[in-house]
Amino acid sequence: MTRAIRHYATFDDRPVRNAVGLKLLMLSVAEHAPDDVLHVVLPDVPEALADWIRRHAPQVQVHRWRPQGEGWSAKPEVLLYLMDQGIDEVIWLDADLMLIRNPRPLWEEVPDEVLMVAEDLARRYDAALGDEKARVWGYEKKRDLATGLNSAVLRMTRQHRPLIESWRSHLQDERYLQAQRNYTGFVDRPRALYGDQEVLDALLITCFAEIPIRFIRYGPEIIHDHRHFYAYTARDRLRNAFRLTRPYFVHCTGFHPWLVGPSFHEDEGGEYFHESVQLKPYVWYARRYADKLEEDNLDFWLHYRTPFGRLCQVLTLNNPHLQGLGLWLLDRYRRRRKRRWAHAH
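All values derive from a computational prediction rather than experimental measurement.

Definitions and cut-offs
- Residues numbered from 1 in each chain as written.
- Predicted model: local features only at pLDDT ≥ 70, side-chain atom pairs only at ≥ 80, totals over all residues.
- Heavy atoms only, no water.
- Helix = DSSP H or I, 4+ residues; strand = E, 2+ residues; numbered from the N terminus.
- Pairing = 2+ DSSP bridges.
- Axes fitted to C-alpha atoms, helices over the stretch in contact; angles between N-to-C directions.
- Phe/Tyr/Trp six-rings, centres within 6.5 Å; stacked < 30°, edge-to-face > 60°.
- Buried < 20%, exposed > 50% of the residue type's maximum accessible area, 1.4 Å probe, protein only.
- Lys NZ or Arg CZ within 6 Å of the ring centre and 35° of its normal.

### Description of the environment of Arg237
Consideration 1: Its place among the elements puts Arg237 in helix H9 (residues 234–242).
Consideration 2: The spacing of Arg237 and Arg288 is 51 residues in sequence and 20 Å in space, taken between C-alpha atoms.

Structure follows, in structure tokens:
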């Protein structure tokens, strides 16, 4: 069903801490989808941010509203909040995501009953984990999904309201809340209760298994630019470098470089970490908006350069997809050597 205006939505309950990510999302929507609306739901709106939005992102509608859930757990509440205002289709975008080009072709001609969601990094659906997700809630699994899902991008319509309401109630269930409270580290939580998307997955394979899903493909349509640069594979880098059309989204997942101070260059572990930040596709696209961010914490991540990183950029003609390929190949070689050494000893 064709709509004249698309309604995008995001939420952040820490707008001062995450101002850079929010601004990058808003600027990318202003550039690539200027005829659409981005609804930014914020419990508190600092005056400096409100003034910046008025000057740089006029298509943004700010909603001063506080949902019951925090962080990613607020997604279904925000979707319902906007649908209650008469919006039939809402497209959720995580606040650490940018548009690379106008995603309007994604939504065109997709029936309202089809749920659209990003494909996760793993690509392969973990059937055993699906069983675990269903078992946590006492449900019977009725299907496996075609691939893993990532709720960074999520298109839902009014036809999905029963699913959204169920998703909200499950994210307010004590079993989920206890998992979020009792584990300081994300990976320490039960796998079936990591976050909001695990609960959505559980519902889509059990109670709402009849809902058709169209996945936004990882690689050609969305880049999950993970903390570990090797998550963006050589195959996807090469395909995107030589493809005539760019992906629609780049998602900065696993690590947000603007949230830490300059000391992270000394404190952060992992070989090639500093170069991997410099060569991230997300950082490459973010540099396009550096002059409009009006932030004073950019030098230690957005403009940071290493000699090896500079060399990679020169050799690849500063291509956002190829510049990290050398690191990927180097890491692949080192990992293979380590495995051979461990096998030999």
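Here the narrative resumes, following the displayed structure.
### A word on the sheet that holds strand E1 (residues 7–11)
Consideration 1: With mixed pairing, 7 strands are arranged side by side in an open sheet as E3-E2-E1-E4-E7-E6-E8. Looking at strand neighbours, the two that pair on one side only are strand E3 (60–64) and strand E8 (213–216), the edges of this open sheet. Between one strand axis and the next, the sheet turns through 25° on average, direction left out of account.
Consideration 2: With 5 bridges joining them, strand E2 (residues 37–42) and E3 adopt parallel strand pairing. Residue pairing for E3: Val40 is matched across the bridge by Val62.

### Thoughts on the packing of aromatic side chains
Consideration 1: Scanning the entire structure with this criterion turns up 7 aromatic pairs.
Consideration 2: Seen from their ring centres, Tyr248 and Phe249 are 6.4 Å apart, and the 50° between their planes marks the pair as tilted.
Consideration 3: For Phe249, a relative accessible area of 0% translates into the label buried.
Consideration 4: The interplanar angle of 75° and the centroid separation of 4.8 Å between the aromatic rings of Trp284 and Tyr285 together place this pair among those described as edge-to-face. Grouping residues by exposure puts Trp284 and Tyr285 together as buried.
Consideration 5: Of the aromatic side chains, those joined through ring pairs into one cluster are Tyr8, Trp107, Tyr248 and Phe249.
Consideration 6: Lying over the aromatic face of Tyr248, Arg101 brings its terminal NZ or CZ to 3.9 Å of the ring centre.

### Observations concerning the sheet that holds strand E10 (residues 249–253)
Consideration 1: Across the sheet, which stays open at both edges, the 3 strands sit in the order E5-E10-E9 with mixed pairing between neighbours. Pairing within the sheet leaves two strands with one partner each, and these edge strands are strand E5 (97–99) and strand E9 (222–226). Here the average twist between neighbouring strands, direction ignored, is 15°.
Consideration 2: By the bridge criterion, 5 bridges tie E9 to E10 in an arrangement that is parallel. The residue of E10 that forms the bridge with His224 is His251.

Read these as layout, nothing more, since geometry by itself doesn't imply function.
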